[in-house]
Amino acid sequence: MQPVESHTRIEPETLKALEQAILLPDMKTGKRLVEELSSRHGYDTLIFDVFEPLLTEIGERLKRNEASLAQSYVASILFDDVLKRFESADIPAGREGHPRLGPVVMANIEDDCHPLGRKIVSTLLRVNNWEVCDLGIDVEAGKIVDKAVEIGARVIGLSAMIFTTAENIRKVREEIDARGLAGRVKLAVGGAVFRLRPDLYEKVGADGTAPSAFTAAALFADLWRKAEGSG
Ligand code: B12
């Protein structure tokens, strides 16, 4: 099996050892390596340069039947642990001197249980001064739109990893239209399927997509501006 490529200054043997710990699985070693890497390189390196490419690579291996869902699950548990620590340790409550933005709603669409990408997007939005109401995984359309109305959100961000779950985004579009909110509430979407097929966002009735958490804040700002009544 080819090792996962990384463009970081992290030693290849450490990356290889982490990968092995995930594939075996050996959680104790995995957690120890995560601990070591985070104290030497920081959580952002661990998130964006180690775990994101690692999970993408595991996804490719899944397609080729060279990795199992159990291995994906082990990798996601370790990754989730890193995100929890990142949230509690490193996150400033927005940038001082900059206006607060939002509020916005984030969720994984109905039937989708891949939380990691959504959590990273929510976290980076918060770092960029957005007030985010994160509803979690597998959230039904009605509940998402109810929350947007309740808090006055002009952008809803939805995460979907699978083609079948991306289809459920249409239900949110329908709910927005049925309540006469079209134009006032904009729909941002993202996740593995949209990275694979960027044109899919329009087909499921969304207003925009972004391929990563780094580009999400610009998308939210653009959609917020375009929402009626934002002036
Ligand atoms: C981990 C994983 C799992 C874990 C999830 C557990 C957990 N706690 O995370 C488990 C094992 C449970 C799982 C289950 C399944 N999975 Co899965 N899984 C993955 C895997 C390997 C990684 C996903 C991940 O976390 N990536 C890391 C994050 C950081 O990346 P990301 O989510 O893409 O997020 C980034 C961007 O997309 C963007 N983004 C994300 N959301 C949003 C939202 C907005 C608004 C914006 C602007 C941007 C944005 O920003 C993020 C950060 O930069 C992917 C492979 C892949 N290529 O993604 C398969 C993958 C998504 N899974 C897949 C499948 C098929 C399944 C199952 C159906 C398998 C099965 N037969 O049961 C189930 C379905 C479960 C469900 N109902 O949701 C397929 C989907 C194929 C498809 N396109 O239709 C993939 C692509 C694997 C593959 N190649 O076959 N999975």
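Here the residue numbers are simple positions, counted from 1 along each chain's written sequence. In keeping with the predicted nature of the model, local features appear solely for residues at pLDDT of at least 70, side-chain atom pairs appear and are counted solely at 80 or more, and the whole-chain, interface and lining totals rest on all residues. Each side-chain value is worked out from all heavy atoms of the structure, with water and hydrogens disregarded.

**Q** Run through helix H5 (residues 116-127), naming residues and quoting values.
**A** With twelve residues, H5 extends 17 Å between its outermost C-alpha atoms, agreeing within 8% with the 16 Å of an ideal straight helix rising 1.5 Å per residue. Only protein chains enter the calculation, and the probe is 1.4 Å; a residue is then buried if its accessible area is under 20% of its type maximum, exposed if over 50%, and partly exposed in between. Strands are runs of DSSP state E lasting at least two residues, helices are runs of H or I lasting at least four, and both sets are numbered from the N terminus onward. The element H5 is extensively covered by neighbouring structure, given that nine of its twelve residues are classed as buried. The set of residues buried in H5 consists of Leu116, Arg118, Lys119, Ile120, Val121, Ser122, Thr123, Leu124 and Leu125. Downstream of H5 by a residue or two, asparagine 129 has a phi angle that is positive, lying close to 80°. For a helix, the expected span equals 1.5 Å multiplied by the number of residues minus one.

**Q** Give a description of the domain arrangement of the chain that names residues and reports values.
**A** An automatic or database domain assignment supplies the start and end points of every domain. Examined at the domain level, the chain breaks down into domain 1 (12-89) and domain 2 (101-226). Inter-centroid distance (C-alpha atoms) of domain 1 to domain 2 is 26 Å. Note on contacts: a residue pair qualifies if any of its non-hydrogen atoms lie within 4.5 Å across the two residues. At the interface, eleven residues of domain 1 touch seven residues of domain 2. In total, about 870 Å² of surface goes out of reach between domain 1 and domain 2, with carbon and sulfur atoms giving 70% of it. By definition, a salt bridge exists where a carboxyl oxygen of Asp or Glu is found within 4 Å of a side-chain nitrogen of Lys or Arg. One can count two salt bridges joining domain 1 with domain 2. One salt bridge in this structure joins lysine 119 and aspartate 80, with 2.7 Å as the shortest N-O distance. Residues adjacent in sequence count toward polar contacts only when both atoms are side-chain atoms; beyond that, a polar contact is any pair of N or O atoms within 3.5 Å, and within protein one must be able to donate a hydrogen and the other to accept it. Applying the counting criterion to the domain 1 and domain 2 interface returns three residue pairs in polar contact (both at pLDDT 80 or more). Among the secondary structure elements, those contributing two or more residues to the side of domain 1 that touches domain 2 are helix H3 (43-63) and helix H4 (69-89). Of all the elements, H4 adds the most residues to the side of domain 1 that touches domain 2, at six residues. What gets called buried area is simply the loss in accessible area from a 1.4 Å probe that two parts show on being joined, summed for both.

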